[in-house]
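# Structural characterization, general
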Amino acid sequence: MKNKSEKRKWWKIVLGVFAVTLLIVVGGAGIMFREELKITGSIRPIAEGKRVYYMEVESDYHFEEFLEAGGASSDQEVSAYLTNCISKGFYQVDVTNEGPACSVISGLDENGSHVFGRNFDWTDSVPIIVRCVPEDGYASVSTCEFKNVTGSAEIVPEDFIHKMLAIAAVYVPMDGINEAGLCVADLEVNEGGMKEVDTPKPDLTITTAIRLLLNRAATVEEAVELLGQYDIHASGGISHHLAISDAAGRSVSVEFVDGEMVVVDTNCITNFNLANGDTAAGGESAKNRYELLCSAYEEKNGTLTNEEIRETLQQVSQTEGEWRTQWSIVYRQDTRTAEYYFGGVYRDGISLSVSEL
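Here's what I pulled together on the structure shown here. Keep in mind it's a predicted model, so treat the numbers as computed, not measured.

## Regarding the environment of I238
Counting through the fold element by element, I238 comes out in the loop between β10 (231-233) and β11 (239-245). Residues I238 and G192, 46 residues apart in the sequence, show an inter-C-alpha distance of 9.1 Å.

Set out below in structure tokens:
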């Protein structure tokens, strides 16, 4: 049962969106919200029988302005920025980033093309697959967690109120691939914490850093260079590292250790910093999944077909306990496509291409 503060928050949102709707209907403010209305008009369910949604954004949705303003050092600052963009200040838009597990493996397929596989493990999720086409940047397909916007897995973007809130998903991608073949995925680090940094550099949270890379980076080298231009901050009060892979075949873990960014070349990642060399640091589950991923990679000498990547993801999927695999993706970096599997079911995947928009 929601407490009083949560109820007040949702009443403010309801009244705010009602005011926006009233403006649009009787005040001719459709021009003010024309970009938002175009985005919300694209939102639709995409997987029969599952709470999985699709959204198109034919712009960077004010992301360049966000960067020019200095970015954000916290989820709260991202929320404040999005409140002004999405609702024009009529109601509060909140974002965060939480997620306790995840696994990544990458390799070359039988044709020499690079393949990147990723499990996202969490509690109940409401994924929104976002196809974003910036005017001056790379088009991308990314998976965003609507629960990081609403705070509830019971809320879905099927009415006007929640479709407006869903626009914030552009700023909270968990993973994605862009038209240059660059893949990025966020994984939690189950050890210590990301040390807070405060230098003259502008700021980014983990999820806004992923949006930056999808929009601007074509290679691992470009991604690392871009990240180095910002102070990177934790999201959701947890530590993170980023799995990044490019179409040329380089795969790395970008880690944030003692306030410094460390790049580790690797094809297998779970939930501990590889820079520290302690596979037990992330707990038993993270260690076991990492060893299974490495074993599959080494057994095939790094050459894994799409099917073998999918099978490996299935082997390390979480099917019991509180944290379960919400989605799995096999990214084909040569064709810039993403094949999705939801709820630990590895058949009848959904295939999307960055170039389809």
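## Some points on the pattern of salt bridges
Scanning the entire structure with this criterion turns up nine salt bridges. Among the salt bridges present, the one from K287 reaches E291, with a minimum N-O distance of 2.6 Å. Of this pair, K287 and E291 both sit in helix α9 (residues 284-299), four residues apart, roughly one helical turn. Judged by relative accessible area, which is 26%, K287 ranks as partly exposed. Judged by its relative accessible area of 38%, E291 falls in the partly exposed class. Of the charged contacts, one joins D334 and R332 as a salt bridge, the two residues approaching to 3.0 Å between their closest N and O atoms. Given a relative accessible area of 33%, D334 falls into the partly exposed group.

## Some remarks on the sheet that holds strand β7 (residues 173-178)
In a beta sheet, neighbouring strands pair by backbone hydrogen bonds and run either parallel or antiparallel. Across the sheet, nine strands lie side by side as β1-β2-β5-β6-β7-β8-β11-β12-β13; this open sheet has mixed pairing. Strands with a single pairing partner mark the edges of an open sheet, and in this sheet they are β1 (44-45) and β13 (260-265). Pairing analysis gives five bridges linking strand β6 (residues 140-145) to β7, with the strands arranged antiparallel. Looking at the pairing, V141 lines up with I177 of β7. Here helix α7 (residues 206-216) sits on the sheet and contacts β5 (127-132), β6, β7, β8 (183-189), β11 and β12 (251-257); the angle it forms with β7, its principal contact strand, is near 5°.

## A look at the pairing of strand β16 (residues 337-342)
Counting buried residues in β16 gives five out of six residues, a clear majority hidden from the surface. Sheet topology note: the strand β15 (residues 324-332)/β16 ladder contains six bridges and is antiparallel. Looking at β16, one finds that W327 is bridged to F342. Hairpin connection of β15 to β16: four residues between the antiparallel strands, including R336 at a positive phi of 55°.

## Some points on the side chain of S106
For S106, the location among the structural elements is in strand β3 (residues 103-108). A distance of 2.8 Å separates a polar atom in the side chain of S106 from a polar atom in the side chain of S251. Beyond its immediate stretch of four places on either side in the chain, S106 contacts H114, V115, F116, S245, S251, N267 and Y297.

## Quick notes on the pairing of β13
Where β12 meets β13, six bridges bridge the pair, whose relative direction is antiparallel. Residue pairing for β13: V254 is matched across the bridge by V263. Here β12 hands over to β13 after two residues, with D258 in that stretch at a positive phi of 55°.

## Let's talk about helix α8 (residues 220-227)
Taken together, the buried positions of α8 are occupied by V220, A223, V224, L226 and L227. Projection of α8 onto a plane perpendicular to its axis shows the buried side chains occupying an angular sector of 160°, all on one side. Buried residues along α8 sit against α7, β10, β11, β12 and β13.

## A short note on the packing of aromatic side chains
The tally for this structure, following the rule as stated, stands at eleven aromatic pairs. Relative to Y171, the ring of F66 has its centre 5.5 Å away and its plane inclined at 90°; by these criteria the two rings are edge-to-face. With F66 in helix α3 (residues 63-68) and Y171 in the loop between α6 (160-166) and β7, this residue pair connects regions lying 105 residues apart in the sequence. There is no split in this pair, since F66 and Y171 are both buried. Three or more aromatic residues link up through ring pairs in this structure, and these residues are F63, F66, Y81 and Y171.

## Notes on the sheet that holds strand β4 (residues 114-122)
Read from one edge of the open sheet, six strands run β14-β3-β4-β15-β16-β17, paired in antiparallel fashion. Only two strands of the sheet have a single partner each, and these edge strands are β14 (268-269) and β17 (350-353). Sitting on the sheet, α9 touches β3, β4 and β14, and the angle it makes with β3 is about 10°.

## A word on the side chain of S245
By secondary structure assignment, the location of S245 is in strand β11. Looking at S245, the relative accessible area reads 0%, which means it is buried. Only 3.0 Å separates the side chain of S245 from the side chain of H114, close enough to count as a polar contact. Side-chain polar atoms of S245 contact the side chain of S251, separated by 3.0 Å. Not counting residues within four places of it along the chain, the set of residues in contact with S245 comprises S106, H114, F116, G181, L182, C183, V220, R250, S251 and Q333.

## Side note on the state of the cysteines
Counting across every chain of the model gives zero disulfides. We note that C144 lacks a disulfide partner, and the nearest cysteine sulfur, in C132, lies 9.1 Å from it. Cysteine C294 remains unbridged, with the sulfur of C268 as its closest cysteine sulfur at 4.0 Å.

Parameters and conventions
- Residues numbered from 1 in each chain as written.
- Predicted model: local features only at pLDDT ≥ 70, side-chain atom pairs only at ≥ 80, totals over all residues.
- Heavy atoms only, no water.
- Helix = DSSP H or I, 4+ residues; strand = E, 2+ residues; numbered from the N terminus.
- Salt bridge = Lys/Arg side-chain N within 4 Å of Asp/Glu carboxyl O.
- Buried < 20%, exposed > 50% of the residue type's maximum accessible area, 1.4 Å probe, protein only.
- Pairing = 2+ DSSP bridges.
- Contact = heavy atoms within 4.5 Å.
- Axes fitted to C-alpha atoms, helices over the stretch in contact; angles between N-to-C directions.
- Polar contact = N/O pair within 3.5 Å; in protein donor to acceptor, adjacent residues only side chain to side chain.
- Arc of directions from axis to C-beta.
- Phe/Tyr/Trp six-rings, centres within 6.5 Å; stacked < 30°, edge-to-face > 60°.
- Disulfide = S-S within 2.5 Å.

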